Amino acid sequence: MDSLPFVRIRPASGWKPLDLRQLWQYRELLSTLGRRDLTLRYRQTVLGAFWVIAQPLMAAGIFSFVFGKVANMPSDGVPYFLFAYAGLLCWNAFSNTLAKVSASLVGNSNLISKVYFPRLILPLSTLYSTLIDFAVAFAMMLVLLGANHVPIGPRLLLLPVWMAFLLMLALGTGLYVSALMVSYRDVQYILPVFVQLLLYASPVAYAVVAVPASLQLFYHLNPLTGLLEAFRWSLLGCGTLSPWVLAYSAGISCAWLVLGAFAFKRMERLFSDVI
């Protein structure tokens, strides 16, 4: 009788390279967890995916009143509601990914403590529902563009590029935060405050031109600034697409993803013991 394969699982120490081949071997688990996340989200809801559209529509309406009517801020020549909705489309993709990835380990503590699999599967599985939510909200964006007679040009083909960089930034941040949250549960209370501050420190509800010239350089240190501007340029054709700002945002997004993944891998050996 042939001997059975023997695999010894040992906790890694120090900085270890990512095993992408192992992730591919567990691709079916990744798909299953992704579908489960989507199913649990809309279970026992009457309106289901409509909430994905309702939330940015209501927020865009509030931003249009507060920033467009009351504060009378510029919107780069497009209706303020469209301007705000386009910004929220980008922002929600970032904030939802960050929130889901950050809570993925603590929310699946029973799996981590009982079953072995690459822990990176858990945060990656949350991207499935994020992309579905984005697709639903994006379909509403197309309806709004048609209703307001805003032309759709070839610039829309670059939207997946901006989306990729946005997910890299959110995933890289979420990986580090999720690993940190396993040992320090205070992080789950700090993160919403940080995200709320970041919302107003990013051009979601207002245009970059509304920021004083003396603060422009400091303001563009936020990598979301370039990505939000790129999103609006692809969707509405407004704003200024600066190659330098985009290069900075893209570089930070890629670097942040690599650093977050390696930090996650370094702390992975402690998950089963302390979660």
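Everything below is about the structure printed above this text.
About the cut-offs
Residues numbered from 1 in each chain as written. Predicted model: local features only at pLDDT ≥ 70, side-chain atom pairs only at ≥ 80, totals over all residues. Heavy atoms only, no water. Helix = DSSP H or I, 4+ residues; strand = E, 2+ residues; numbered from the N terminus. Buried < 20%, exposed > 50% of the residue type's maximum accessible area, 1.4 Å probe, protein only. Contact = heavy atoms within 4.5 Å. Expected span 1.5 Å × (residues − 1). Arc of directions from axis to C-beta. Patch = residues over 30% accessible without salt bridge, like charges linked within 9 Å, V, L, I, M, F, W, Y side chains within 5 Å. Areas by Shrake-Rupley, 256 points an atom, 1.4 Å probe, with all protein chains shown as cover. Salt bridge = Lys/Arg side-chain N within 4 Å of Asp/Glu carboxyl O. Phe/Tyr/Trp six-rings, centres within 6.5 Å; stacked < 30°, edge-to-face > 60°. Lys NZ or Arg CZ within 6 Å of the ring centre and 35° of its normal. Polar contact = N/O pair within 3.5 Å; in protein donor to acceptor, adjacent residues only side chain to side chain. 1 Å grid on protein atoms, 1.4 Å probe; cavity = no way out; pocket = protein on both sides within 12 Å on 5 of 7 lines; lining within 4 Å. Points joined across faces, edges and corners; volume = space filled by probe spheres on them. Nonpolar A, V, L, I, M, F, W, Y, C, P; charged D, E, K, R; others polar.

(A) Quick look at the overall build of the protein. Tallying secondary structure elements over the protein gives 13 helices and zero strands in all. The helix and strand sequence of the protein, counted from the amino end, reads α-α-α-α-α-α-α-α-α-α-α-α-α. With 275 residues in all, the protein has 45% of them scored as buried. A sequence separation of at least 24 residues applies to 80% of the contacts in the protein between residues at least 6 apart.

(B) Representation of helix H7 (residues 127-147). Taking 1.5 Å of rise per residue, 21 residues should cover 30 Å, and H7 covers 30 Å from first to last C-alpha, within 8% of that figure. Turning to H7, its buried residues are Leu 127, Ser 129, Thr 130, Asp 133, Phe 134, Ala 137, Phe 138, Met 141, Leu 144 and Leu 145. When H7 is viewed along its axis, its buried side chains cluster within an angular range of 165° and face the same direction. More than 90 degrees from the buried face of H7, the exposed residues found are Val 143 and Ala 147. Note on H7: the residue one or two positions beyond its end, His 149, has a positive phi of about 60°.

(C) Local environment of the environment of Leu 241. By secondary structure assignment, the location of Leu 241 is in the loop between helix H11 (223-236) and helix H12 (243-267). In contact with Leu 241, not counting residues within four places along its chain, are Trp 162, Ala 230, Trp 233 and Leu 246.

(D) Quick look at a nonpolar patch on the surface. A cluster of nonpolar side chains, contributed by Ile 62, Phe 65, Val 66 and Val 70, occupies part of the molecular surface with about 400 Å² of accessible area. With respect to the secondary-structure elements, Val 70 resides in helix H3 (residues 50-70). The class of Val 70 is exposed, set by a relative accessible area of 59%.

(E) Region of interest: the packing of aromatic side chains. By the definition in use, this model includes seven aromatic pairs. Centre to centre, the rings of Phe 63 and Phe 67 are 5.7 Å apart; their planes meet at 75°, and the pair counts as edge-to-face. One end of the pair is Phe 63 and the other is Phe 67, both in helix H3 and four residues apart, which spans about a single turn. Both residues of the pair, Phe 63 and Phe 67, belong to the buried class. Plain terms: the ring middles of Tyr 206 and Tyr 219 are 6.4 Å apart, the flat faces sit at 45° to each other, and that makes the pair tilted. Of the two residues, Tyr 206 is situated in the loop between helix H9 (187-200) and helix H10 (216-219) and Tyr 219 in helix H10; the sequence distance between them amounts to 13 residues. Side by side, Tyr 206 and Tyr 219 carry an identical accessibility label, which is buried. The structure contains a cluster of three or more aromatic residues connected by ring pairs, namely Phe 63, Phe 67, Tyr 206 and Tyr 219. Between the NZ or CZ atom of Arg 232 and the centre of the ring of Phe 83, over which it lies, the distance is 3.7 Å.

(F) Molecular detail of the environment of Phe 94. Among the secondary structure elements, Phe 94 is positioned in helix H4 (residues 80-103). Each C-alpha atom, one on Phe 94 and one on Met 168, is 9.3 Å from the other, the two residues being 74 residues apart in sequence. Not counting residues within four places of it along the chain, the set of residues in contact with Phe 94 comprises Leu 166, Leu 169, Ala 170, Leu 198 and Leu 224.

(G) Broad picture of the side chain of Ser 202. Relative to the helices and strands, Ser 202 is located in the loop between H9 and H10. A residue is classified by how much of its surface remains accessible, and Ser 202, at 0% relative accessible area, is buried. A distance of 2.8 Å separates a polar side-chain atom of Ser 202 from the backbone oxygen of Leu 198. For Ser 202, the side chain forms a polar contact with the side chain of Asn 222, separated by 2.8 Å. Setting aside its immediate chain neighbours within four residues, Ser 202 contacts Trp 91, Tyr 219, Asn 222, Leu 224 and Leu 228.

(H) Expanded view of the layout of surface pockets. Estimated volume of the second largest pocket: approximately 270 Å³. Looking at the second largest pocket, it is lined by 14 residues, and the ones nearest its centre are Phe 94, Thr 173, Phe 194, Leu 198 and Trp 256. Put simply, the parts of the chain that give the lining of the second largest pocket at least two residues each are helix H8 (159-183), H9, H11 and H12. Looking at the lining of the second largest pocket element by element, the count peaks at five residues for H9. For the lining of the second largest pocket, the per-class residue count stands at twelve nonpolar, two polar and no charged.

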